[in-house]
Amino acid sequence: MGCSDSKSTSVESSNKPTSQPAQSGGADKQRKIVLHYFNIRGRAEPIRLMLHYGGVPFEDKTITFEKWGEMKKNNEYRGPLDQLPFVEIDDEIICETVALVRLAAHKVGICGENDWEKAKADSLVDSDLDMIPKFTAVFFAKEEEKEEKMKELMTIIVPEYLGKLEKTLVANNGGDCFFVGKKITHADFQIFHRLNILSNNAKKHGKDDVLDSYPKLKGHYCRMMELPQLQDYLKSRPESDM
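The sections below set out a description of the structure shown in this document. (Residues numbered from 1 in each chain as written. Predicted model: local features only at pLDDT ≥ 70, side-chain atom pairs only at ≥ 80, totals over all residues. Heavy atoms only, no water.)

## Some details on the overall build of the chain
Turning to step 1, where the next piece is worked out: A count of helical and extended segments in the chain gives nine helices and four strands.
Turning to step 2, where the next piece is worked out: N-terminal to C-terminal, the α/β element order of the chain is α-β-α-β-α-β-β-α-α-α-α-α-α.
Turning to step 3, where the next piece is worked out: Buried positions account for 46% of the 242 residues belonging to the chain.
Turning to step 4, where the next piece is worked out: Sequence-distant contacts, at least 24 apart, represent 71% of the contacts inside the chain between residues at least 6 apart.
Turning to step 5, where the next piece is worked out: Accessible area of the chain: about 12,700 Å², with a carbon and sulfur share of 49%. (Helix = DSSP H or I, 4+ residues; strand = E, 2+ residues; numbered from the N terminus. Buried < 20%, exposed > 50% of the residue type's maximum accessible area, 1.4 Å probe, protein only. Contact = heavy atoms within 4.5 Å. Areas by Shrake-Rupley, 256 points an atom, 1.4 Å probe, with all protein chains shown as cover.)

What follows is the structure, given as structure tokens:
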């Protein structure tokens, strides 16, 4: 994506924007975590990114769509609500994407510095998750409808959404840092994941980089892509269209 010229996220002063994970409770952080999800990035990816970023050990237990279908047919246990993702922490189970994103943020210590920042970060995560059906419609469309749905996605839905994100980012410290306050939050990981998927899919279909028209978003994407804490995971994770 041409991120080599992006600004570093390292800092020397607490008065400057920081990308360093905060310290969270030691004993709680070491509880065994098992994340259950399909063998794609999807709704679980921001959770994975945050746990890797914070150095929180976890088991990434994936399942194919075919196996999920078999389990459903055989009435096998598929989590408390029969849906993914869900997380096991010792003998406890938590489900629902929003709750899991916030749980990961709490464990890593990146929820926001105060109630206002926490609520603002939550709102950005919620807004992005609300957009998922629009983004994924093309993947589940009938073959004869895919071209038209892809056109609508790339010419109407994506530009409108990215334009709103660009304005939101610019409104926070001129757009040269993160989406909320001066420190990284779960909103940054949620949006980074979305930008990554959109950018990769556009290029896969021979389109220009969708971020080229949004310089602040592209800068944010590059800063996230170059976080030292994510390098090993970003280089080793499997490819995914979703």
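## A look at the nonpolar core
Turning to step 1, where the next piece is worked out: Judged by nonpolar contacts, the single largest core of 67 residues is most densely connected at Leu 162, Phe 189 and Leu 217.
Turning to step 2, where the next piece is worked out: Looking at which element gives the most residues to this core, the answer is helix 6 (residues 143-170), with nine residues.
Turning to step 3, where the next piece is worked out: If sequence neighbours within four positions are ignored, Leu 217 has contacts with Leu 162, Leu 165, Glu 166, Leu 169, Phe 179, Leu 195 and Leu 211. (Core = buried A, V, L, I, M, F, W, Y, C linked by side-chain atoms within 4.5 Å.)

## Some details on the packing of aromatic side chains
Turning to step 1, where the next piece is worked out: The full count for this structure, using the stated rule, is six aromatic pairs.
Turning to step 2, where the next piece is worked out: Judged by centre distance (5.5 Å) and plane angle (75°), the ring pair of Phe 38 and Trp 68 falls under edge-to-face. Pair noted here: Phe 38 is in strand 1 (residues 33-38) and Trp 68 is in helix 3 (residues 65-73), with a separation of 30 residues, a long-range link. Neither Phe 38 nor Trp 68 differs from the other in exposure class; each is buried.
Turning to step 3, where the next piece is worked out: Their ring planes at 65° and their centres at 5.5 Å tell us that Phe 135 and Tyr 161 sit as a pair that is edge-to-face. In this pair, Phe 135 is assigned in helix 5 (residues 115-140) and Tyr 161 in helix 6, connecting sequence segments 26 residues apart. (Phe/Tyr/Trp six-rings, centres within 6.5 Å; stacked < 30°, edge-to-face > 60°.)

## Remarks on unusual backbone geometry
Turning to step 1, where the next piece is worked out: In this structure, Pro 85 follows Leu 84 across a cis peptide bond, with omega equal to 0°.
Turning to step 2, where the next piece is worked out: As for its placement among the helices and strands, Pro 85 is situated in the loop between helix 3 and strand 3 (86-89).
Turning to step 3, where the next piece is worked out: Despite not being glycine, Asp 90 shows a phi value in the positive range, around 55°.
Turning to step 4, where the next piece is worked out: Mapping Asp 90 onto the fold places it in the loop between strand 3 and strand 4 (92-95).

## Topic: the sheet that holds strand 1
Turning to step 1, where the next piece is worked out: Read from one edge to the other, the open sheet built from four strands follows the order 2-1-3-4, with strand pairing classed as mixed. A single partner strand is all that each edge strand has here, and the edge strands are strand 2 (59-63) and strand 4. For this sheet the average axis-to-axis angle between neighbouring strands, irrespective of direction, equals 20°.
Turning to step 2, where the next piece is worked out: Taken together, the five bridges between strand 1 and strand 2 define a ladder with parallel strand orientation. Among the inter-strand pairings, Tyr 37 is bridged to a residue of strand 2, identified as Thr 62.
Turning to step 3, where the next piece is worked out: Here helix 2 (residues 45-53) sits on the sheet and contacts strand 1 and strand 2; the angle it forms with strand 1, its principal contact strand, is near 150°.
Turning to step 4, where the next piece is worked out: Of the strands in this sheet, strand 1 and strand 2 are in contact with helix 3, which crosses strand 2 at around 75°. (Pairing = 2+ DSSP bridges. Axes fitted to C-alpha atoms, helices over the stretch in contact; angles between N-to-C directions.)

## Description of the packing of helix 6 against helix 8 (residues 215-225)
Turning to step 1, where the next piece is worked out: Two numbers describe how helix 6 lies on helix 8: the axes approach to 8 Å, and their chain directions differ by 75°. Viewed along their axes, helix 6 and helix 8 adopt a mutual orientation that is roughly perpendicular. Contacts from Leu 162, Leu 165, Glu 166, Leu 169 and Val 170 in helix 6 reach Pro 215, Lys 216, Leu 217 and His 220 in helix 8.
Turning to step 2, where the next piece is worked out: Here the residues of the contact of helix 6 with helix 8 are counted per class, giving six nonpolar, one polar and two charged. (Parallel < 35°, antiparallel > 145°, perpendicular 65-115°, else oblique. Nonpolar A, V, L, I, M, F, W, Y, C, P; charged D, E, K, R; others polar.)

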